[in-house]
Amino acid sequence: MAAVGVAGAGYVGLTTAACLAGLGHDVTCAEVDQSKVDQLSRGEVALGEPDLAPLVRDGLAAGRLRFTPDPGALDGREFVFACVPTPAGPDGAADLGAVEAVLAALHPGPHTVLVVKSTVPVGTCARIAETAGIPVVSNPEFLREGHAVHDFRHPDRILLGGEEPAVARVAALYADLGAPVVRTDHASAELGKYASNAFLALKLSYVNLLARLCERTGADIDAVTRTMSLDERIGPHFLHPGPGWGGSCLPKDTSALVATGAAAGVDLTILRSAIEANDRQHDHVVARIRQAAGGRLDGVRIGLFGLTFKAGTHDLRDSPALAVAARLAAAGAVLTGYDPGVTGGDQAGPVQRVDDPVLAAKGARVLVVLTEWPEFGGLDWSQLAAVAEGDVVVDTRGVLDPAALRGSGLRCLRLGHPAGE
Ligand code: UGA
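Here we summarise the structure given alongside this text. Here the structure is a predicted model, which means the values were calculated and not measured.

All right, on to unusual backbone geometry then. That bond from E164 to P165 is cis: its omega, 5°, falls within 30 degrees of zero. Within the secondary structure layout, P165 lies in the loop between β7 (158–161) and α7 (166–173). Notably, D51 is not glycine yet its phi reads approximately 70°, a positive angle. Among the secondary structure elements, D51 is positioned in the loop between α2 (34–41) and α3 (52–62). For D51, a relative accessible area of 48% corresponds to the partly exposed category. With phi around 55°, F238 is a residue other than glycine that occupies positive phi space. Of the residues examined, F238 reaches a relative accessible area of 32% and is grouped as partly exposed.

Structure representation (structure tokens):
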């Protein structure tokens, strides 16, 4: 059992803290937000991560997990995990302010290893190791929001960059997971994380462009992506077209990698193009909605289904749904939105938020599915059709069954399918 400190109780920090406690380690988690500390100390978990709340409560009950606002509580721990945000700064490069703050507050003991889980640009860990004078291991996380506990327990790989024996000591913390471990240097680990997220973004921009090509050529995106996915070299994941990729990671990490490339004299044109295609994807979805609304949006009521950046989260950060909503609002549309993951608050950006799908559909000329919540397929679309003003649903996520919708008197427009179906 190791004495572990975790700085930050966001979804990465909290998942790391609770899962390491679950593996038998003794974990102190420091979080600057006192109200969060109070909630977590009572075993209340505001994040909607499956399995996280019981894990936190088990850790508290076993005395293996505690929360504190005092960064000094991490002093001298054998391992201190930095799990703080690195948002994109104005130039797209990662803002390392929160990581610097963790470092400034750190009073290492003789055996302390600093483990950097935050996504930081290439060169950061080597620099930190030099200034902090302690071993630093780069250990980027690959947790998906909404699947964080599962992904911690069943990782595709554990990525560790740094020098021995620190790397071996960190690897031992995860030994019970039995996952493949990539042991490498700082720079390769840092780049490996960005490279993975940016590749997912590339894949999605490509598939979204293919969907547009399908609409123009009469091809069917489902057949095209199925063909691709059966090739083992391509694989079946991240091939679903949508209103664009978003969330708190893919956009910032892709921009940060472009900035790293520029600073290193490598123009990552392919990534710049993927980012640009993503912006255009929002415009494309708006164009399809305008077309469905009969050519104009000014004063037109639109019902939005899904506001979060993906299904299974409450998270609205960098949500493609809200990017589309902002464009619709700028064109004068009147927006009402329903999302099963979002409660509380009357507004989400320009969208009047409602808790009932019927209210979202009421009086709407066009209904638009923007997040891939599976439950949308099970809504009573006949009832929604009865209260809507129009008869078109634009399904940007491909979660609805067009034949079933036809039975409810609705026409379904999907991305990547010729107009009309
Ligand atoms: C992403 C990565 O998937 C994780 O491996 C990584 O650890 C995490 O970032 C991070 O760096 O912290 P996440 O931000 O939770 O995870 O979101 P994803 O599941 O990757 O989805 C990103 C976006 O792509 C969402 O807007 C989603 O709706 C969209 N998407 C995904 C599609 O449009 N189509 C797909 O087929 C898959």
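Structure shown, so let's carry the discussion forward.
Turning to the side chain of R353, a few remarks are in order. Mapped onto the fold, R353 is located in strand β12 (residues 351–354). One polar contact links R353 to D355, side chain to side chain, over a distance of 2.8 Å. When sequence neighbours within four positions are dropped, the list of residues in contact with R353 reads L307, G337, V342, T343, G344, G345, D346 and Q347.

Moving on, we get to the sheet that holds strand β9 (residues 301–305). Taken together, seven strands build an open sheet; the order of strands is β11-β12-β10-β9-β13-β14-β15 and the sheet is mixed. With one partner strand each, in any of the chains shown, β11 (347–348) and β15 (411–414) form the two edges of the open sheet. Here β9 pairs with strand β10 (residues 334–338) via five bridges, running parallel. Bridging across to β10, L304 finds its partner in G337. In the packing of helix α11 (residues 269–292) onto the sheet, the strands contacted are β9, β13 (366–369), β14 (392–395) and β15, and the crossing angle to β14 comes to about 170°.

Conventions we followed
Along each chain, numbering runs from 1 in the same order as the chain's sequence is written. Local features are withheld for residues below a pLDDT of 70 in this predicted model, meaning they are given only at 70 or higher, and side-chain atom pairs are given and counted only at 80 or more; totals for whole chains, interfaces and linings count all residues. Working from all heavy atoms in the structure, the side-chain values ignore hydrogens and water. We count a stretch as a helix when DSSP gives it H or I for four or more residues in a row; a strand needs E for two or more, and each element gets its number in order from the N terminus. Per-residue accessibility, obtained with a 1.4 Å probe over protein chains only, is compared with the maximum for each type, and a residue is labelled buried under 20%, exposed over 50%, and partly exposed between these values. In protein, a polar contact means a hydrogen-donor-capable atom and an acceptor-capable atom, both N or O and within 3.5 Å, with residues adjacent in sequence counting only if both atoms are side-chain atoms; elsewhere, any N or O pair within 3.5 Å suffices. Contact criterion: two residues are considered in contact whenever any of their non-hydrogen atoms come within 4.5 Å of each other. In short, DSSP must find at least two bridges between two strands for them to pair. The convention used is that axes are lines fitted to C-alpha atoms, helices contributing only their stretch in contact, and that angles between N-to-C directions extend from 0 to 180 degrees.

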